[in-house]
Amino acid sequence: MLQTASNGHETDPARLGRALRQACRGAVYDNPAGRGLYAQDASHYQVMPAAALAPADEQDLLAALAVAQDLGAAITGRGAGTSLSGQTHGPGLVLDFSRHLNQILEVDVEARTARVQPGVVRDRLNADPRLRDAGLHFAPDPATAGWATVGGMTGNNSAGMRSIVYGKTIDHILGLRVALADGTVLDLTPHDLAAWRQAESRPGREGELYRGVRQLVDTHADRIRGAYPNLMRRVAGYNLDEFVTGAGYLGPIGPRAQRNAGPRNDRSLHHLVVGAEGTLALVLEATIRLTPLPKATALALPHFDGCVASLAAVPAINELGPSAVELLDGGVLKEAKRNAATKHLADFIEGEPEALLIVEFQGETEQEAAARAYELAAKLESDASVRASLRGCPVRTDAAGQQRVWQTRALGLGLISNQPGDRKGQAFVEDACVPVERLADYIDALMHATAQRGLPYSMYAHASVGVIHFRPGIDLHTDEDRDHMHAISERALELCLERGGSFSGEHGDGIVRGQWLERQFGPELYQAFRDLKGLFDPTGRMNPGKIIDPPRLNDPAVLRYGDAYRLAEIPATYRHETQGGFVKAVEQCNGVGACRKVGAGVMCPSYMATRNEQDTTRGRANALRLAMSNQLGAPAEEALAGDELHEVLELCLSCKACKTECPNAVDMAKLKADATQVRHDQRGVPLSAKAIGASPGLARRLAGPLAPIVNALQNAPGAGWMRQKLLGFDRKRPAPPFAAKPFPTRWKAFQQSHEYKSRGPATRGPAVLLVDSFNGYFEPGTAIAAARLLHGLGYELTPYASGCCQRPRLSQGLLREAAELTQPVAADLDRLLSERPGAPLVALEPSCASAWADDLPDLLPDPDPAKRVAQRLVMLDTLLDQITANEPGALQPAPNVSNVAFHAHCHHKALFDADAIVRVFERAGAACQRIDAGCCGLAGAFGYQHHEVSGRIGEDRLFPAVRSAVQQGHAVAATGVSCRHQLRDWLDVEARHPAELLEAAPNNP
């Protein structure tokens, strides 16, 4: 199918893909699934490209531009793809700068500048030791700063939460190296008037641009002065106001605030490229200004009865000079207290306020910052007009507490869009900027206009500068709600312009607001915008349909849930109860891209290793969405089983981090398993999946007397080659040995021991130890250590080793088989627990515990027994935490254990309290620190089938931390069997389960 750009050019994906492979070294995506990865961003739009390329370097990029020129293909640059206005997808060639063009090229600490490639992530730049040690940072701080790229921030002229101090991205760009559509490369730096005139005389495209811009500005100078609103947060249209000074211009409050009304000496074409959304040129390098970090900060958190009342207080708050004033409304606050990604952070929310302002103050000292925060609290309490709606104003001065507040704020978009139901808070009037003095009035009117149509809404963000991200709840599957979207957008435009505002305050025009530009600036300036676009891009191939001549904002041809979205019946096996079924679970992904963060958290391990969009939760969700809506070139059920989709799903480790780290709780482990079951049904079950699924049963049969023989055969010459040939297991990965004395044998021996018999009567009541297949038949030392520990603490212990949660089958998509085998186990375990009222079901292995707590209740035909089992389930470390909280001396460390470095299994971090064991060790008298690392990389069978990627995942943060801990003589603890095997295989480090490093204190019964 030909992809048609708004410039009229048609591009054949197959032809473009072939040409790119011949000319470029970077990865080319030209099949339907690969193209679909780049068809969507964080907006509600979808535009399928003809192909996408991740250029290997600048020369690769220029080669791609030559191919695009030869074929007449449109060109769209893309960083993290977090656009909320639909700017980062297009019908021709999409260029992914984030994967390779992401280097920090130069840092000049003395000059406070840096030179970077466009794919550098903002927070990764700021984490560079040269900046960190010098106390410098790149100041613009959008909520997506953990994965947003400098190139994307430049294209969008991003601002963020502290723009009242730091301004917008344009205030921090000193120069750009750019490429035009025809491959011309230009270095754009500031010029005085003489240098500008000299540049006009240069031959070729460079001189043409300088002459054309001067003529354009001279022609429209008076209109520019009159039509651009006097606001610091205006990103609508093109930045022609950067070339006109005078009484009508009000600069930002940031570094370039001081402007003279006379001739400018810093005019530069790069001011036009910033905020142009890739419609004029592509950024190859950016020279940026670095700003000193604040020495200290404190937060005041006024709680209010309503949003309008809170916004009415902002002008008075701004008088005290805050560095940020951010709004969270009641809907966001309620979701923050409930959402798995934020509920552990939301301790700053007191009661049930309808609005909360996050007011940050900076200071030279902690005392100064705190004093300013308390000054605000006192001012609000003493103001009668505010006090009536104020519910209190707590202050946070500790760094950890402030960080929790900001982490919650950063997830605001996800918290809004995670509301249940088809109606989601959509971004189409969220970006208007109005004078702060008129902000409450504007929001009040917008609330009324939305409520008149019977629609819900929520809001959050930058109250300090008059930009509230207001999001009406819209069901974009329906024509009626799409009409609502258009009508509310038009009314919001009127309300904004009546109050002297800009309809685009930081998210840009793109598709969603480009339609209204002529209304905002008038026909003369809109034609000037067209002329400027034509000057830079004569053939109209640079990101067409954005800013200038876009489609209607509700055009179903470009909506994600528009003309192309044709759902079929999906034969899912999981019920996905909490999200309303498979389809709704997939649709939970809104594209915000939190799964693209690196160097923090767990999600998404394979993306951290590959930096490949298809290895993000978002990429996988997009591929699933395309498959289930008949957009991968085949009927939905066939596409769900197809090679294209499963190539995208291949490197998902089923770590479940997305279930809690994604603010929309996209559970890719379940979604992948469902799609894999569909594939098995159509194509049969491969031998490797059968072998992995059968491993628990094999372990029960082979552990014991046969174990020495089987283990010898597994390690015999040629055995690794055979495993690789038959099962796809990398020969470099050793097979796990079966236990010669499995848990049942060792438990019987323990019952006959003096230790067991010498303990008096049980004092804590009954407990059931869930002995999983891993710790029962591969590493029974862990299970027996836990049994000894619980026995020593006074429990009447009953081990349960009679069944399996079938985690291996779940991970391989053998869902119906797993359900059939687990249903009787659930009933048996339910019966056992019912006979022991109040007895905890104590789990050792997080992946087994997560199966019982999360997977099986959503899978089994009769879920009630599994649900009752889940209610009684508790991780061993959580139980020990509960005990030692009341009895700090109940445990002691094992001999020679004084310092412990602890790595938590991914499922442990996702679903349970991974810090509990740290508290337990500390109460027992041993220092313990949880390693700040993501996934270990093994993840059951994943590391056997993807050995190299597995090692790269471990090397990201875990392996260096473990090496350091071992060098310091610390014991290494890990709850997961996979984690312990990974550390043994890659580092030759013997990690122990925490149960093996603890003992019941002698004074226990």
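Here the structure is a predicted model, which is why all the values come from computation and not from measurement.

Focus: the overall build of the protein
Of regular secondary structure, the protein possesses 45 helices and 31 strands. Expected size for 1005 residues packed as a compact globule is a radius of gyration near 30 Å; at 30 Å, the protein falls within 12% of this value. Judged by the C-alpha coordinates and their principal axes, the protein covers about 95 × 70 × 55 Å. Across the 1005 residues of the protein, 64% fall into the buried class. When contacts within the protein are restricted to residue pairs at least 6 apart in sequence, long-range pairs at least 24 apart make up 75% of them. Entry remark: accessible area of the protein is about 35200 Å², with carbon and sulfur atoms responsible for 50%.

Topic: the nonpolar core
Counting 117 residues, the largest nonpolar core has L311, L357, Y442, I443, L624, L645 and M668 as the members making the most contacts within it. Core analysis: the second largest hydrophobic core is formed by 56 residues, A114, L125, F138 and Y210 among them.

Here we look at empty space enclosed by the protein
For the structure on display, the rule yields seven cavities of 30 Å³ or more. Taken as a whole, the largest cavity spans an internal volume of roughly 770 Å³. Taken together, 49 residues form the lining of the largest cavity, with T82, S83, G152, N156 and S158 sitting closest to its centre. Considered class by class, the residues forming the lining of the largest cavity number 20 nonpolar, 25 polar and four charged.

Let's talk about the sheet that holds strand β29 (residues 927–930)
Pairing is parallel across the open sheet formed by three strands, whose spatial order is β29-β28-β30. Edge positions in the sheet fall to β29 and β30 (971–974), since each has one partner strand and no second. Within this sheet the neighbouring strands show an average axis-to-axis angle of 25 degrees, counted without direction. Pairing of strand β28 (residues 899–903) with β29 involves four bridges; the strand directions are parallel. Counted as the bridge partner of N899 is A927 from β29.

Looking at a nonpolar patch on the surface
Among the surface-exposed residues, L687, W721, M722 and L726 lie close enough to one another that they form a single nonpolar patch of about 410 Å² accessible area. In terms of residues, the nonpolar patch owes the most to one element, helix α30 (residues 719–727), which gives three residues. By the element assignment, W721 lies in helix α30.

Structural notes on the pattern of salt bridges
One pass over the structure, following the stated rule, counts 76 salt bridges. R957 is the partner of D932 in a salt bridge, and the nearest nitrogen-oxygen pair spans 3.6 Å. A residue pair is termed long-range when its members are at least 10 positions apart, and D932 in the loop between β29 and α42 (942–945) and R957 in the loop between α43 (947–956) and α44 (958–967) qualify at 25 residues. Taking relative accessible area as the criterion, R957 reaches 13% and is therefore assigned buried. Beyond isolated ion pairs, a larger network of salt bridges with shared partners links K656, K659, D667, K670, R807, D854, D855 and D858.

Focus: the sheet that holds strand β26 (residues 873–875)
The strand order β24-β23-β25-β26 describes an open sheet built from four strands, whose pairing is parallel. Each of the sheet's edge strands pairs with one partner strand only, and the pair in question is β24 (796–800) and β26. For this sheet, the mean inter-axis angle between neighbouring strands, taken without regard to orientation, is 35 degrees. Pairing of strand β23 (residues 766–770) with β24, which is carried by five bridges, proceeds in the parallel orientation.

About the cut-offs
Residue numbering note: each chain is counted from 1, following its sequence as written. The predicted origin of the model limits local features to residues at a pLDDT of at least 70 and limits the giving and counting of side-chain atom pairs to 80 or more, whereas totals for whole chains, interfaces and linings rest on all residues. As a rule here, side-chain values come from all non-hydrogen atoms in the structure, and water together with hydrogens is ignored. Comment: elements are numbered from the N terminus, with helices defined as DSSP H or I runs of at least four residues and strands as E runs of at least two. Note on method: radius of gyration uses C-alpha positions; expected globular size equals 2.2 Å times residues raised to 0.38. Burial status follows relative accessibility: with a 1.4 Å probe on protein chains alone, a residue under 20% of its type maximum counts as buried, one over 50% as exposed, and anything between as partly exposed. Contact criterion: two residues are considered in contact whenever any of their non-hydrogen atoms come within 4.5 Å of each other. Per-residue accessibility takes into account occlusion by the displayed protein chains alone, with areas from the Shrake-Rupley method and a 1.4 Å probe. In this description, a nonpolar core means a group of buried Ala, Val, Leu, Ile, Met, Phe, Trp, Tyr and Cys residues linked to one another through side-chain atoms lying within 4.5 Å. Here a cavity means grid points, on a 1 Å grid over the protein atoms only, where a 1.4 Å probe fits yet cannot get out; a pocket means an open set of points with protein on both sides within 12 Å along at least five of seven lines; lining residues are those with an atom within 4 Å of a point. Grid points are joined across faces, edges and corners, and a volume is the space filled by probe spheres set on the points. Throughout this entry, Asp, Glu, Lys and Arg are counted as charged residues, while Ala, Val, Leu, Ile, Met, Phe, Trp, Tyr, Cys and Pro are counted as nonpolar. The remaining residues, Gly among them, count as polar. Strands are treated as partners if at least two bridges between them are detected by DSSP. Whenever a helix is involved, its axis is fitted only over the stretch in contact; in every case the axis is a line through C-alpha atoms, and angles between N-to-C directions fall within 0 to 180 degrees. The residues that make up patches have over 30% relative accessible area and no salt bridge, and they are joined within 9 Å when like-charged or within 5 Å when they are Val, Leu, Ile, Met, Phe, Trp or Tyr. Should a side-chain nitrogen of Lys or Arg be within 4 Å of a carboxyl oxygen of Asp or Glu, the pair is scored as a salt bridge.

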